[in-house]
2 protein chains.
Amino acid sequence: MKKVSQRFSIKLLADEIVKGQVAALSKAITLAESQKLADQKKADTLLTQLLPHTGRSVRIGITGSPGVGKSTFIDVWGKYITSLGKKVAVLAVDPSSEKTKGSILGDKTRMAALAKDPLAFIRPSATRQTLGGVAENTREAILLCEAAGYEVIIVETVGVGQSETAVRNMVDFFLLLQLAGGGDELQGIKKGIMEMADGVVITKADGENEKKAKQAQAAFQHALHLFQLPESGWKPSVLTVSAAQGKGLAEVWQMVSSFQAHTVQNQSFEKNRQQQKIRWFHERVESALRKKIFESKKMIAKIKAAERKIAEGKLMPSAAAKEILNSQ
Amino acid sequence: MKKVSQRFSIKLLADEIVKGQVAALSKAITLAESQKLADQKKADTLLTQLLPHTGRSVRIGITGSPGVGKSTFIDVWGKYITSLGKKVAVLAVDPSSEKTKGSILGDKTRMAALAKDPLAFIRPSATRQTLGGVAENTREAILLCEAAGYEVIIVETVGVGQSETAVRNMVDFFLLLQLAGGGDELQGIKKGIMEMADGVVITKADGENEKKAKQAQAAFQHALHLFQLPESGWKPSVLTVSAAQGKGLAEVWQMVSSFQAHTVQNQSFEKNRQQQKIRWFHERVESALRKKIFESKKMIAKIKAAERKIAEGKLMPSAAAKEILNSQ
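Residues numbered from 1 in each chain as written. Chains lettered and ligands numbered in written order. Predicted model: local features only at pLDDT ≥ 70, side-chain atom pairs only at ≥ 80, totals over all residues.

Caption draft 1: Layout of the interface of chain B and chain A. The interface of chain B with chain A comprises 43 residues on the first partner and 44 residues on the second. At the level of secondary structure, the elements contributing two or more residues to the side of chain B that touches chain A comprise α3 (37-50), α11 (268-294), α12 (297-311) and α13 (317-326) of chain B. Class assignment for the residues of the side of chain B that touches chain A results in 24 nonpolar, 9 polar and 10 charged. (Contact = placed C-beta atoms within 7 Å. Helix = DSSP H or I, 4+ residues; strand = E, 2+ residues; numbered from the N terminus. Nonpolar A, V, L, I, M, F, W, Y, C, P; charged D, E, K, R; others polar.)

Caption draft 2: Local environment of the nonpolar core. Grouped together as the largest cluster of nonpolar side chains are 179 residues, with contacts concentrated most on L144 of chain A together with L144 of chain B. Excluding its chain neighbours within four sequence positions, the residues that come into contact with L144 of chain B are I17, L25, A28, I29, A32 and L50 of chain B. (Core = buried A, V, L, I, M, F, W, Y, C linked by C-beta atoms within 7 Å. Buried ≥ 20, exposed ≤ 12 C-beta atoms within 10 Å, placed from the backbone.)

Caption draft 3: Quick peek at the sheet that holds strand β1 (residues 58-63) of chain A. Residue and element names in this part refer to chain A. Strand order in this open sheet of 7 strands is β3-β2-β4-β1-β5-β6-β7, and the pairing throughout is parallel. Of all strands in the sheet, those bounded by a partner on one side alone are β3 (120-123) and β7 (237-240). In this sheet, adjacent strand axes meet at a mean angle of 20° when their direction is disregarded. With 4 bridges connecting them, strand β2 (residues 88-93) and β3 associate as parallel partners. Of the residues in β3, the one forming a bridge with V88 is A120. Seen against the sheet, helix α10 (residues 249-265) touches β1, β5 (173-179), β6 (199-203) and β7 and runs at an angle of roughly 160° to β7. (Pairing = 2+ DSSP bridges. Axes fitted to C-alpha atoms, helices over the stretch in contact; angles between N-to-C directions.)

Caption draft 4: Summary view of unusual backbone geometry. At K204 of chain A, a residue that is not glycine, the phi angle is positive and equals roughly 55°. If you check the backbone angles, Q267 of chain B has positive phi at about 70° while not being a glycine. Within the secondary structure layout, Q267 of chain B lies in the loop between α10 (249-265) and α11. According to the C-beta neighbour criterion, Q267 of chain B is exposed, with 10 such atoms within 10 Å.

Caption draft 5: Highlighting the relation of the copies chain B and chain A. Mapping chain B onto chain A calls for a screw motion: a turn of 180° about the axis and a shift of 0.1 Å along it, with 0.1 Å RMSD after fitting. Between the two chains, the operation in question is that of a two-fold axis. Both copies present the same face, since 100% of the interface residues in chain B are matched by interface residues at the equivalent positions in chain A. (Least-squares fit on C-alpha atoms with pLDDT ≥ 70 in both.)

Caption draft 6: Broad picture of the environment of V241 of chain B. All names here are of chain B. Mapped onto the elements, V241 comes out in the loop between β7 (237-240) and α10. Considered as a pair, V241 and F73 are 168 residues apart in the sequence and their alpha carbons are 8.4 Å apart. Contact partners of V241, with chain neighbours within four places excluded, come to F73, V201, T203, A205, K247, G248, L249 and V252.

Caption draft 7: A look at the confidence of the model for chain A. Residue and element names in this part refer to chain A. Here chain A averages 85 in pLDDT, while 85% of its residues score no lower than 70. For chain A, helix α8 (residues 193-196) is the element with the lowest average pLDDT, namely 78, and α10 is the one with the highest, namely 97. A low-confidence stretch, residues 96-106 (pLDDT under 50), is modelled with 17 contacts involving residues beyond four sequence positions or located in other chains. Low pLDDT (under 50) marks residues 182-188, which in the prediction has 12 contacts with non-local residues, meaning those over four places away or in another chain. Here the predicted complex carries an ipTM of 0.78, next to a pTM of 0.71. (pLDDT = per-residue confidence, 0-100.)

Caption draft 8: View of the domain arrangement of chain A. Its domain assignment divides chain A into domain 1 (1-53), domain 2 (54-266) and domain 3 (281-326). Taking only C-alpha atoms, the centre of domain 1 of chain A and the centre of domain 3 of chain A are 36 Å apart. (Domains from an automatic or database assignment.)

Caption draft 9: Inspection of the pairing of β7 of chain B at higher detail. All names here are of chain B. Relative to β7, strand β6 (residues 199-203) runs parallel, the two sharing 4 bridges. In the strand pairing of β7, G199 is matched with S237. A crossover connection joins β6 to the parallel β7 through helix α9 (residues 209-224); in handedness this β-α-β unit is right-handed. (Right-handed = clockwise from strand over helix to strand, strands pointing away.)

Caption draft 10: Fine view of the pairing of β5 of chain A. Residue and element names in this part refer to chain A. The buried fraction of β5 amounts to 7 of the 7 residues, a majority that puts the element mostly inside the structure. Side-chain alternation along β5 places F173, L175, L177 and L179 on one buried face and F174, L176 and Q178 on a second face that is also buried. Across 4 bridges, β1 lies against β5 in parallel orientation. Each bridged residue has a counterpart across the sheet, and for I62 the counterpart in β5 is L175. As paired strands, β5 and β6 are joined by 5 bridges and run parallel to one another. When the bridges of β6 are listed, L176 appears paired with V200.

Caption draft 11: Local environment of α9 of chain B. All names here are of chain B. Between the first and last C-alpha of α9 there are 22 Å, a value that for 16 residues agrees with the 22 Å anticipated at 1.5 Å per step. Looking at α9, one finds that the buried residues are A213, A216, Q217 and F220. Projected down its long axis, α9 carries its buried residues within an arc of 110°, all on one side. Of the residues in α9, the exposed ones pointing more than 90 degrees away from the buried face are K211 and A218. (Expected span 1.5 Å × (residues − 1). Arc of directions from axis to C-beta.)

Caption draft 12: Highlighting α11 of chain B. Taking 1.5 Å per residue as the helical rise, α11 of chain B with its 27 residues ought to reach 39 Å, and the 36 Å between its terminal C-alpha atoms agrees with that figure. Where α11 of chain B is concerned, the buried positions are F269, K277, W280, F281, R284, V285, L289 and I293 of chain B.

This is how it looks when you write it as structure tokens:
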């Protein structure tokens, strides 16, 4: 009997989500984030049921160093998007959130205006997880938000470790926020980030900063020429925004819309999504296989011992791998 | 009895390699490249025996687009290095060599001077293999060359697909060769390559080209400022070379020597090598696990069917992964 009632409750939850009920959506994301096997099974059943309702959104990844004004930008830009009558969901990928607790997460007050907007949904990321876990949950949260009718999904990352790549692999459009610096505007760009960007926004382009922002815009636009065009043929552009003065918000939305029109037309939009789904599948298979070896209690000591010998030059990596696989 | 004689012959081969006998070295690399299980076992035994004789070289990766003059540079620069009394080995990583047969590989005449030099060893890469296979073999070939007393190992790549990253992960110093272009010198740099470089050499810096080469040098030097310093704290620099006039060769060698002095002193040289070895070990374990699933006849049809359903939006990647793992 329990099984029947559980199936029923998941069906009910799915219905509520499709109706756009926020409490049901929150509950479902919590289920997807749970480490409990029983919850994960429920989440899988739920997501499978909701699959036909997913996919109809534009997924936007946003990254930028601390201090660039990410929260403020998302708050103000999100309000601009809801003013167009569109529902916006904001998710965060922050594997380091245990350390930086409160700085970017669990804190709806940092997007105070958007948090009060009935067309917006803000969900802080679950903490105490590896990047893999956080990324996994975020992918599932994206689908759940889509099923609940959110048309614009913003995935925010602080860019710790490999989180930018993880986010890049789950969104349609990747936006880099950047400050106009003092001397060399291009200093300090993290390796590889600029190459992943479909667009760059120079923030805080107001008052004394405005001229510097325009210079930075030109410098970034030039720097983007260093890189080959992505497969989609989309040319990344650089815009300036003042969140304080509400300037440039429409242009950023226009950029995303142009990107979408361009990539839907040449079919790279759908192609990218399919590739992302297949990659997600492969990653799931591979991570499960890896876990079986690298996280099994039985194996950890053996692996550590092998690594020590390898580092000391006493054991060939190939021979060590064979030993490990045979002792499984 | 067969086992004893085999062990003996491997011991003999190892002795010959340590004495620097080229025929033995060639034979050993062929063994390491073989797809036969029996040969691979022999190669493992051999490498394990030779391990104490490996590691005493500087490993240099060289990349650059076709037409940049890679062969000519390696030929002339290699001769410069042997003129210092150092033994040089040249290996190539070219997963695409089946298609471009003869253009970069199997062709000692493209490094005609170096090929005749008794202090040099040139080994074309085995063809008909995946990048993973080629990279694996090259790692083993590096160790074998070191055991044979080669002090400078040059690993050349044409930069097809991910081969640059594979080479970067097996060398100490990564050198990018680049032509001075017409207008924008920085056009056409492949994504991410410049960020991996410890040094850039502008080739063909002679005659009419010399001025352009100097301009390109300045442009590249500026572009390298875009990126954060690597962990080693080494600042990549940009040099110009004329292979035709033999100009700039000493400076490139000086750059590599400075790099080595700098990184040995701050211990990043050894740290990088240890990390590379551990990564090699992990990659071996993971690729064996992946093969078991993604290349098993039993699984391929199931995986393809799952991918189709996922792409069509009929199956959750997570659910598909579970199915695949359970049906193993």
